[in-house]
Amino acid sequence: MLDKKSDAELRPVQDDAPPRHATWLTASQLIIADVIGIGVMAMAEAFADLGWVLGVACCLLMLPLNQLSGLMVWQTIVEVHPDTLSLADLARRCLGRAAYWATYVLVYSFIFMTLGDYLLSLGLCLQILFPDAELPSYVWTCLAAAVLLPFCQVRTLNSTAVLLWVNSATIVLSVGLCLGALIADGPEATLARSGGSTHLVATGLGWRQFTSGVSKMAFAYVGVLMYPEIILEMEAPRDFPKALYAGAPFQLAAFMTVGCVGYRYLGDAAHGLLINAVPPGAISP
C-alpha cells in the first residue's frame, strides 16, 4: 500500500472530482454516445473486409468483450480505488507511474485523433448538406469547429443530459437517411452502381484485410476509455452495470443493422463512411 507521500509523488496532477449527479439512465446515454459515433458509419466497410460469416461473428463477439472490459474497470474502481479520476489514473494506482504515462499517452492521443476524425466528418456532412456552396474542404472543417465550439464549453458529462437525447436522435436520423437512400434504390441498383458483390467469406482475405475489418469493429465498440469518468459522476456507482447492460441492445442493433444492410446493398465496394455511398443530393435539402 502506498503511503500519502509516495502516492502524491506518483500523481502528476491533482484534479478535483466532479459532482456526482448522474443517474444510471444518464450514464447509459453517455455510454451510447461514447460508443456509437463515427464508428457505426464504417460498419459496412468492416463487413466488406470480412464477409458475412466473419462480419456477423465479430460484431456479435465484440459486444461481450466491451461489456466485460467495462465490468472489470467498474469492479476495480468500486471495490479497490473508488476515487479514481480516469483510466490513466487507474493504471497509476494499479501499476505505477510508468503505466500512468503509457496509458495517458495512448488514451488521450486516441481521443485527440478520434475527435479530429469527427471534425473532418462533420465538415464533410456540411459540404453534402449544402452542395451549391463551393468552398474548400478546410473551410467546411473550420465551420464545423465553429458549430461545435459552444457545446465544448460544457464542463461535466452529466451536464450534457439534453445533448445526449439530441445525440441519440441524430444518430438514428443520420443512419436512417443513409440506409433509406440505399434501400430506396434496391440492392441490384446499388450493387451495380458500386460494382461490389457479397460473399460468405471475403475473397482474397488475408491477415491485413482481416485485421482491418476487426479493428474497425473494435474502434466502433471501444468505450472503456471513458468509463471511469462516467462512473465518477454517478450518484450510485454500483448501478453502473445497469447502464452498461441497458445500452448494449442499442449498440448491437445499430452496428448489426448498418453492417448488414450496408454490405447487402454495397457489397465489397463499401469504403469509408456509409454516407459516402449515398448518391449526391439524395438526402440533402
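Refer to the structure presented above.
Residues numbered from 1 in each chain as written. Predicted model: local features only at pLDDT ≥ 70, side-chain atom pairs only at ≥ 80, totals over all residues. Heavy atoms only, no water.

### Some details on the overall build of the protein chain
- Assigned secondary structure in the protein chain consists of 12 helices and 0 strands.
- Computed over the C-alpha atoms, the radius of gyration of the protein chain is 21 Å, within 12% of the 19 Å expected from 2.2 N^0.38 for a compact globule of 285 residues.
- C-alpha extents for the protein chain along the principal axes are approximately 65 × 40 × 30 Å.
- A total of 285 residues make up the protein chain; the buried ones form 41% of that total.
- Sequence-distant contacts, at least 24 apart, represent 82% of the contacts inside the protein chain between residues at least 6 apart.
- Per element, the accessible surface of the protein chain, about 14900 Å² overall, is 69% carbon and sulfur.
- In the protein chain, the 14 positive side-chain charges and the 21 negative ones have mean positions that sit 7 Å from each other. (Helix = DSSP H or I, 4+ residues; strand = E, 2+ residues; numbered from the N terminus. Rg over C-alpha atoms; globule rule 2.2 N^0.38 Å. Buried < 20%, exposed > 50% of the residue type's maximum accessible area, 1.4 Å probe, protein only. Contact = heavy atoms within 4.5 Å. Areas by Shrake-Rupley, 256 points an atom, 1.4 Å probe, with all protein chains shown as cover. Lys, Arg positive; Asp, Glu negative; His and termini not counted. Charge placed at Lys NZ, Arg CZ, Asp CG, Glu CD.)

### A few points about the side chain of glutamate 229
- Among the secondary structure elements, glutamate 229 is positioned in helix α11 (residues 227-232).
- Overall, glutamate 229 belongs to the buried group, its relative accessible area being 15%.
- Beyond its immediate chain neighbours, meaning those up to four positions away, glutamate 229 contacts Leu85, Ser86, Tyr108 and Leu157.

### Considering helix α8 (residues 161-185)
- The terminal C-alpha atoms of α8, which comprises 25 residues, lie 37 Å apart, in line with the 36 Å expected from a rise of 1.5 Å per residue.
- Those residues of α8 that sit buried are Leu164, Ser168, Ile171, Val175, Cys178, Leu179, Ala181 and Leu182. (Expected span 1.5 Å × (residues − 1).)

### Focus: the pattern of salt bridges
- Taken as a whole and judged by the stated rule, the model has 6 salt bridges.
- Aspartate 89 serves as the salt-bridge partner of arginine 93, at 3.3 Å between the closest nitrogen and oxygen. Of the two residues, arginine 93 and aspartate 89 are both situated in helix α5 (residues 87-95); the distance of 4 residues between them amounts to about one turn of the helix. A single burial state applies to arginine 93 and to aspartate 89, both of which are buried.
- Three or more residues are tied together by salt bridges with common partners; here these are Asp83, Asp89, Arg92 and Arg93. (Salt bridge = Lys/Arg side-chain N within 4 Å of Asp/Glu carboxyl O.)

### As for the environment of tyrosine 227
- Mapped onto the elements, tyrosine 227 comes out in helix α11.
- Accessibility expressed as a relative area gives 0% for tyrosine 227, which makes it buried.
- The sequence separation of tyrosine 227 and valine 147 amounts to 80 residues, and the corresponding C-alpha distance is 27 Å.

### Concerning a nonpolar patch on the surface
- A grouping of Trp101, Tyr104, Val105 and Tyr108 is seen on the molecular surface, where their side chains present a nonpolar patch of about 360 Å² in accessible area.
- Along the chain, the position of valine 105 falls in helix α6 (residues 97-129). (Patch = residues over 30% accessible without salt bridge, like charges linked within 9 Å, V, L, I, M, F, W, Y side chains within 5 Å.)

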